[in-house]
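Residue strings, one per chain:
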Amino acid sequence: MPGLRVPDAPEVAEGAGEAEGAGIAAGAGVASGAGAMICVGGSVAVSAVLATAPVFTAEALRYAMACLILLALARLTGRRLAVPRGAEWLWLAGIAVTGLVLFNIALVAGSRHAEPAVLGVGVACVPSLLAVIGPLAEGSRPRPALVAAALVVTCGAAMVQGTGRADGVGVAWAVVVFGCEAAFTLLAIPVLGRHGPWGVSVHTTWLAAVIFAGMGLVHEGPAAAVRLGHRDWLAIAYLGVAVTAAAFVMWYSSVRRLGASRAGLLAGLAPVAAAVAGVLLGGPAPRPQVWAGIAVVAAGLALGLRESRRPRGS
């Protein structure tokens, strides 16, 4: 037919190869992001072990352990880690201060004024914010389908988490938790290109370890580590290995492959993983509201992750 151009076979094959490669990358991004959120959700019960421990010292040891593990693995796998320069120090320090240090302080301080569910809802609201701000930070426009999917995931995650009771101070700390969790992803966008998931994870963990160590020396004393019991050390080891060293790299890999808005949808899996972990650890079966929330999260993920099959600039 006139005006109809039939692509040559090599061109068709090249297009199919690019589509297949994009699909594999998206699938890897979903898998790594889901794995990260499952680790984070499953850590709720473990973190409770440290409630009576010298928390600043424990967090310093956790992040120091994670950093050493990441450095060792990077060396073994031949990954080169770049030294930050210029404004990169500000972005990385911002991640460490907000997403690691202030986030954990908010959880501890907020737990004195609010039930865990209130603080969990703060985390559950993150997908909605990332769906709007994430694309803007990456130089594109928010997609209505992803924003809608993020709202669905947020509602489902809030149903899984529950509401809980809180006073005004507790609500304020929940807002801080929400902002810090979002900053953990958004502040990494400018430095992921040069440093990659491994570099961002290494630099933020050692920065957090230094900050927490200083706080521990001032508020808990230089001998605080001696007061840590056997269960405390086991909790620190799990948090350092699974929830920090592994989950950080997996999460930033997901953000790099999917973009902040799509990866943010996977944050809705954290409360689901926490509910499942509670049952596996001998807790009661989830209430009907929790099951309904899990179904809503699944629907939101199905709606939003369908967008990840399309090229990121489209």
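Above this text you will find the structure in question.
Residues numbered from 1 in each chain as written. Predicted model: local features only at pLDDT ≥ 70, side-chain atom pairs only at ≥ 80, totals over all residues. Heavy atoms only, no water.

Peer 1: Mind showing me how you'd approach the overall build of the protein chain here?
Peer 2: For the protein chain, the helix and strand inventory stands at 13 helices and 0 strands. Along the protein chain, from the amino end to the carboxyl end, the secondary structure elements read α-α-α-α-α-α-α-α-α-α-α-α-α. The buried share among the 314 residues of the protein chain stands at 46%. Within the protein chain, counting contacts between residues at least 6 apart in sequence, those at least 24 apart form 90% of the total. When the accessible surface of the protein chain is totalled, it reaches about 15000 Å², and 69% of it is carbon and sulfur. (Helix = DSSP H or I, 4+ residues; strand = E, 2+ residues; numbered from the N terminus. Buried < 20%, exposed > 50% of the residue type's maximum accessible area, 1.4 Å probe, protein only. Contact = heavy atoms within 4.5 Å. Areas by Shrake-Rupley, 256 points an atom, 1.4 Å probe, with all protein chains shown as cover.)

Peer 1: Help me understand the state of the cysteines in this model?
Peer 2: In protein structure, a disulfide is the covalent linkage between the sulfur atoms of two cysteines. One pass over the structure, following the stated rule, counts 0 disulfides. Counting only cysteine sulfurs, Cys 155 is the nearest neighbor of Cys 125, a cysteine outside any disulfide, at a range of 8.7 Å. What makes Cys 125 partly exposed here is its relative accessible area of 29%. Judged by its relative accessible area of 47%, Cys 155 is partly exposed. (Disulfide = S-S within 2.5 Å.)

Peer 1: Please clarify how the packing of helix α4 (residues 88-110) against helix α8 (residues 168-186) should be interpreted in this entry.
Peer 2: For any two helices packed against each other, the geometry comes down to the angle between their axes and how far apart the axes lie. With their axes 8 Å apart at the nearest point, α4 and α8 run at an angle of 155 degrees to one another. Classified by the angle their axes make, α4 and α8 are roughly antiparallel. The two elements α4 and α8 cross, and the hand of that crossing is left-handed. Within the contact between the two elements, α4 uses Ile 95, Thr 98, Gly 99, Leu 100, Leu 102, Phe 103, Ala 106, Leu 107, Ala 109 and Gly 110 and α8 uses Trp 173, Val 176, Val 177, Cys 180, Glu 181, Ala 183 and Phe 184. (Axes fitted to C-alpha atoms, helices over the stretch in contact; angles between N-to-C directions. Parallel < 35°, antiparallel > 145°, perpendicular 65-115°, else oblique. Left-handed = near helix turned anticlockwise from the far one by under 90°.)

Peer 1: It is not clear to me how the environment of Leu 61 should be interpreted in this structure. Could you clarify?
Peer 2: Looking at the secondary structure, you find Leu 61 in helix α3 (residues 55-76). Residues Leu 61 and Gly 240, spaced 179 residues apart in sequence, show a C-alpha to C-alpha distance of 8.1 Å. Sequence-distant contacts of Leu 61, that is, excluding residues within four places in its chain, are made with Ala 225, Leu 228, Trp 233 and Ile 236.

Peer 1: Whenever I open this one, a nonpolar patch on the surface confuses me. Can you help?
Peer 2: Taken together, Val 83, Trp 89, Trp 206 and Val 210 make up a surface patch of nonpolar side chains, about 380 Å² in accessible area. Mapping Trp 89 onto the fold places it in helix α4. For Trp 89, a relative accessible area of 35% corresponds to the partly exposed category. (Patch = residues over 30% accessible without salt bridge, like charges linked within 9 Å, V, L, I, M, F, W, Y side chains within 5 Å. Salt bridge = Lys/Arg side-chain N within 4 Å of Asp/Glu carboxyl O.)

Peer 1: Explanation requested: the pattern of salt bridges in the structure shown.
Peer 2: One pass over the full model with this rule turns up 2 salt bridges. The partner of Glu 59 in a salt bridge is Arg 62, with the nearest N and O atoms 3.1 Å apart. In this pair, Glu 59 and Arg 62 both sit in helix α3, 3 residues apart, roughly one turn of the helix. We classify Glu 59 as buried; its relative accessible area is 7%. Note on Arg 62: relative accessible area 7%, which makes it buried.

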